[in-house]
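Tertiary structure, described
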Amino acid sequence: MWLKLFFLLLYFLVLFVLARFFEAIVWYETGIFATQLVDPVALSFKKLKTILECRGLGYSGLPEKKDVRELVEKSGDLMEGELYSALKEEEASESVSSTNFSGEMHFYELVEDTKDGIWLVQVIANDRSPLVGKIHWEKMVKKVSRFGIRTGTFNCSSDPRYCKRRGWVRSTLIMSVPQTSTSKGKVMLKEYSGRKIEVEHIFKWITAHAASRIKTIYNAEHLKEEWNKSDQYWVKIYLFAKLDQPPAFFSALSIKFTGRVEFIFVNVENWDNKSYMTDIGVYNMPSYILRTPEGIYRYGNHTGEFISLQAMDSFLRSLQPEVNDLFVLSLVLVNLMAWMDLFITQGATIKRFVVLISTLGTYNSLLIISWLPVLGFLQLPYLDSFYEYSLKLLRYSNTTTLASWVRADWMFYSSHPALFLSTYLGHGLLIDYFEKKRRRNNNAEVNANNLEWLSSLWDWYTSYLFHPIASSQNFPVESDWDEDPDLFLERLAFPDLWLHPLIPTDYIKNLPMWQFKCVGVQSEEEMSEGSHDIENDSDIESTDTFSSEKEVFEDNQSVVHSSPGRASHCGTKACSCADKYCQSSLYERKGRSYGSYNTNEDMEPDWLTWPADMLHCTECVVCLENFENGCLLMGLPCGHVFHQNCIAMWLAGGRHCCPVCRWPSYKKKQPYAQHQPLSDDVPS
C-alpha cells in the first residue's frame, strides 16, 4: 500500500511539473501567461459576447461593441486563461443531455428533493405542443447548463393525475429554487409567465429569480452594518460592481453553497461617498472580496482565479468543503492508488486483472467502512471546535500561491481528460518497466503465461477444496505437528484419495539454502585425541541404539532407491572433508551430529555457515553422495539437509515430506537443541 501511495504522489508531482512545462512552452511561443490580463478593446465582438455568455450577463439590448465591452469590464478583469477556456467551451458543440421524467415519483426525487441546485422543467400538457420549440429548447439547455442548471421535460400524458393536481393544464416552464437560505431547505416551484418565448428572455427570468436570493446592498450605511455584523456564516464573498444584478454564475454559486458561504452583492453604481470602501480595503471596481475570520482575500490575484463558475466553484470548495466533497476526493485517490496494482503486479495478463479487481474491492470496502465511524463522530456536538479548527487550517492552506497552482492544474486536467489518462498510463508503463528490471536483477520468477498461471490458480483452488487444512498452512506455521489435532482429524475424515492434495510448491523458494564449505582442522595430535575420545564415546553407546539407527537408515535407503534423481548435481571441486565426515548413521531426534572421522585428512566442514536449526551431516540420503566443497544445500523444516537439486526434484515430484523422517516439508517444526561438534563434546 505504501508503495502505491508513493507512486501516486510521484504521479501528482509529474503532473505539476508537466503543467509548468506547458506554461513555459506557451510563454515561449506567444509571450503570454494564463494570468496575464486581456484588454477587451483588442477583442472582437464575437469574443466579447462569448465572455458575457460564460459569465451569465445578457447583452440582447446592446447592439454596439462599445457597450458590450463596457459590460465585460464592469463584470470583472479578463485573463488569458479565462478567454481560452471560454473559446474552447464555445467551440465544443457537444449536446447536453436533458432528463425525461416518467411520473410523479421521478419528478419528486430529482426536482423537489434537490436542495442545492436549480431545475428548469418544460411541462407539456395533454394533447398540446410544447411551449418552447425543439431548436430553442436545445439552445436553452446548452446555455443554462454552463451554470449548473439542470433541465428536464415532463409530459403530462405519462402522469395526467399529477398534472391535474398541480394545475398544469397548459404547456409551461417550471423553475425550482431553494426557498430558504439554509442548507437542505424547502424547494419552491416558479412558473414562467412571460409572453415572449425566446431564449434571452427566459434566461433573464431565470437569472432574476436566482439573483433575488442574494443579499443586495445599495448604500454605504448598509454596507457598514453588514460588514461589522457577526452571524452564522464564517465565510462571506462580496461583489463590488456597477451592475444592475450580479452575473448568473455568481447567483448559481450562491444556491450551490447554500448554508456554507454567504454571497453579497454591493451595487456601487450610484454611490457618491466611497470612503468606507477604501477603509475596508476595496480600491478597484469590480472586486470580489472574500471575508473570513482570518482576514480579507482578494479573489482574482492568483493563478487560475478566473471570473467563471468552474474557477470560483473549485476555489470555494477548497475553502469550505462538504463531507461529500471529502468523500469523493478520497474515493478518487483510493481508486487511483488501487489501479497502480495493474502495473506493479508482474506475470500473466489475467493475473494482473485478477489482482486489480481484488485490490479495488478491498480498498473501496475499507474506505466505506472507514468513513462510517467518521460520519458518526462528526455528528457529535463535542467535535464542533475540532471542525472549526479543521476549516481554519483549510482556509490558511488553500489561500496560498501553491494552492492556487494546484487548483489551476485541476481545472486544466479536468478539461483535458485524454491528457490526464495518457499521462497516468505512461506513468504506469514506466513503473511496469522498472519493476520488471528489478525482478530480473533479483532473479525472481514470474508466470508470464496466462495458461500457466491459470493452471497454478486451479491447482491451488482444488487443493483448497479437497485439502483445505494443508493448502492453507503455508510455510512457516508456528504450530507443531504433534500439537495440531486438525491433521489427525483430517486423515480420519477423508478417504485415501484426499490424503494426497495438490499442494502449491511456492514454499520451496522459502526453504533455507547455503553452500557447503570446508575449513582447516587441528594438528595431528589433536586429531588423534579427538578420535580417541570418539572411540570412548562409541564404547559407551548401547548396541540397541546402533541397531535401531541401522534399521531406520536401511528403511530410508529403500525409499531413496525407489525414487528418481539419485545423481549428484554439485560442482566438481574435490574436498577431502566429505571423506573425513563420512556418514555412518542417521542423526538422532535429540540433535546429535552424526558421521565418523577420517584422521588421514586435514579438512572439516565449516558448521558456522549452517543455519542454527539444521542438523549436521555430510551426505545426501537422496543420491547417497557425500557433500563436496561448494555444493548448494537445502534444508527442510525438520532439520535434515540434502543437495538442493536432489530435494527440489523430490518435492516437485509430489512427495511433500522429508525422505528421512516423513515430516511435511511445508510445515514448520520446533527446532532441535543443536549440539556442538563431536570434538567439543569430549571432556578434556
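Keep in mind it's a predicted model, so treat the numbers as computed, not measured. (Residues numbered from 1 in each chain as written. Predicted model: local features only at pLDDT ≥ 70, side-chain atom pairs only at ≥ 80, totals over all residues. Heavy atoms only, no water.)

1. Some words on the overall build of the chain
- Within the chain, the secondary structure is distributed over 26 helices and 17 strands.
- The buried share of the chain, reckoned over its 684 residues, is 42%.
- Of the contacts formed within the chain by residues at least 6 apart in sequence, a portion of 72% connects residues at least 24 apart.
- As presented, the chain carries roughly 37800 Å² of accessible surface, and 56% of it is formed by carbon and sulfur atoms. (Helix = DSSP H or I, 4+ residues; strand = E, 2+ residues; numbered from the N terminus. Buried < 20%, exposed > 50% of the residue type's maximum accessible area, 1.4 Å probe, protein only. Contact = heavy atoms within 4.5 Å. Areas by Shrake-Rupley, 256 points an atom, 1.4 Å probe, with all protein chains shown as cover.)

2. Observations concerning the packing of helix α1 (residues 2-30) against helix α17 (residues 401-415)
- Interhelical geometry of α1 versus α17 gives an angle of 80° and a closest axis separation of 10 Å. Looking at the two axes, α1 sits roughly perpendicular to α17. Residue-level contacts link Leu-15, Phe-16, Leu-18, Ala-19, Arg-20 and Phe-22 of α1 to Leu-402, Trp-405, Asp-409, Phe-412 and Tyr-413 of α17.
- Counted by class, the contact of α1 with α17 contains 9 nonpolar, no polar and 2 charged residues. (Axes fitted to C-alpha atoms, helices over the stretch in contact; angles between N-to-C directions. Parallel < 35°, antiparallel > 145°, perpendicular 65-115°, else oblique. Nonpolar A, V, L, I, M, F, W, Y, C, P; charged D, E, K, R; others polar.)

3. Here's the deal with the sheet that holds strand β9 (residues 287-292)
- As summarised here, the arrangement of the 5 strands in space is β6-β8-β7-β9-β10, forming an open sheet in which the pairing is mixed. This sheet does not close on itself; its edge strands, each paired only once, are β6 (215-217) and β10 (295-299). Each adjacent strand pair in this sheet contributes to an overall mean axis angle of 25°, direction not counted. (Pairing = 2+ DSSP bridges.)

4. Overview of helix α3 (residues 65-75)
- The complete set of buried residues in α3 reads Val-68, Arg-69, Leu-71, Val-72 and Ser-75. Viewed along the axis of α3, the buried residues span an arc of 160°, placing them on a single side of the element.
- Buried residues belonging to α3 abut α2 (45-55) and β9.
- Count one or two residues on from α3 and you reach Gly-76, which has phi positive near 145°. (Arc of directions from axis to C-beta.)

5. Here's the deal with the side chain of Gln-122
- Relative to the helices and strands, Gln-122 is located in strand β2 (residues 119-124).
- Each residue touching Gln-122, except ones within four places of it in the same chain, is listed here: Pro-130, Leu-131, Val-132, Trp-137, Gly-152, Thr-153, Phe-154, Thr-172 and Leu-173.

6. Things to note about the pattern of salt bridges
- Tallying each qualifying case throughout the model produces 25 salt bridges.
- One salt bridge in this structure joins Glu-226 and Lys-236, with 3.5 Å as the shortest N-O distance. You can see Glu-226 sitting in helix α9 (residues 220-227) and its partner Lys-236 sitting in strand β7 (residues 235-241), a full 10 residues away along the chain. Summarising the burial analysis for this pair, Glu-226 and Lys-236 share the class buried.
- Between Asp-325 and Arg-317 there is a salt bridge, and its shortest N-O distance comes to 2.5 Å.
- Linked by salt bridges that have partners in common, Lys-256, Arg-260, Asp-313, Arg-317, Glu-322 and Asp-325 make up one network. (Salt bridge = Lys/Arg side-chain N within 4 Å of Asp/Glu carboxyl O.)

7. Thoughts on α1
- Here α1 spans 42 Å end to end across 29 residues, near enough to the 42 Å set by a 1.5 Å rise per residue.
- For α1, the complete set of buried residues consists of Lys-4, Phe-7, Leu-8, Tyr-11, Leu-15, Ala-19 and Arg-20.
- Once α1 ends, the next one or two residues include Gly-31, with phi positive near 80°. (Expected span 1.5 Å × (residues − 1).)

8. Topic: the packing of aromatic side chains
- Enumeration according to the criterion identifies 35 aromatic pairs in this entry.
- A ring pair is formed by Phe-107 and Phe-154, whose centres lie 5.7 Å apart and whose planes are at 70°; its orientation type is edge-to-face. Separated by 47 residues along the polypeptide, Phe-107 in helix α5 (residues 104-112) and Phe-154 in strand β3 (residues 150-155) bring together distant segments of the chain. Like Phe-154, Phe-107 is buried.
- Members of the aromatic cluster, connected to one another through ring pairs, are Phe-249, Phe-250, Phe-263, Tyr-288, Tyr-297, Tyr-299 and Phe-315. (Phe/Tyr/Trp six-rings, centres within 6.5 Å; stacked < 30°, edge-to-face > 60°.)

9. Here we look at the pairing of β9
- Burial within β9 is extensive, with 5 of its 6 residues counted as buried.
- Here β7 pairs with β9 via 5 bridges, running antiparallel. Bridge pairing in β9 places Leu-239 opposite Tyr-288.
- In this sheet, β10 lies alongside β9 in antiparallel orientation, the contact comprising 5 bridges. The residue of β10 that forms the bridge with Tyr-288 is Tyr-299.
- Hairpin remark: β9 followed by β10, antiparallel, with 2 residues in the connecting loop.

10. Some thoughts on the confidence of the model for the chain
- For the chain, the average pLDDT comes to 75, and 74% of its residues sit at 70 or higher.
- Predicted confidence for residues 673-684 stays below pLDDT 50, and this span has 23 contacts to residues more than four positions away or in other chains. (pLDDT = per-residue confidence, 0-100.)

11. A short note on the nonpolar core
- Among the nonpolar cores identified, the biggest contains 63 residues, and Ile-206, Phe-263 and Met-312 are the most heavily contacted of them.
- Those residues in contact with Ile-206 that lie beyond four places of it in its chain are Leu-120, Met-140, Val-144, Ile-149 and Met-175.
- Within the second largest apolar cluster, 30 residues are counted, among which are Val-622, Leu-633, Cys-638 and Ile-647. (Core = buried A, V, L, I, M, F, W, Y, C linked by side-chain atoms within 4.5 Å.)

12. Description of the pairing of β3
- Relative to β3, strand β1 (residues 99-101) is paired through 3 bridges, and the arrangement is parallel. Pairing of Phe-101 across the sheet is with Phe-154, part of β3.
- Two strands pair when backbone bridges link them, and β2 and β3 are joined in this way by 6 bridges, in the parallel orientation. Bridge assignment links Val-121 to a residue of β3, and that residue is Gly-152.
- Of the crossover connections in this fold, the one passing from β2 over helix α6 (residues 134-144) to the parallel β3 is right-handed. (Right-handed = clockwise from strand over helix to strand, strands pointing away.)

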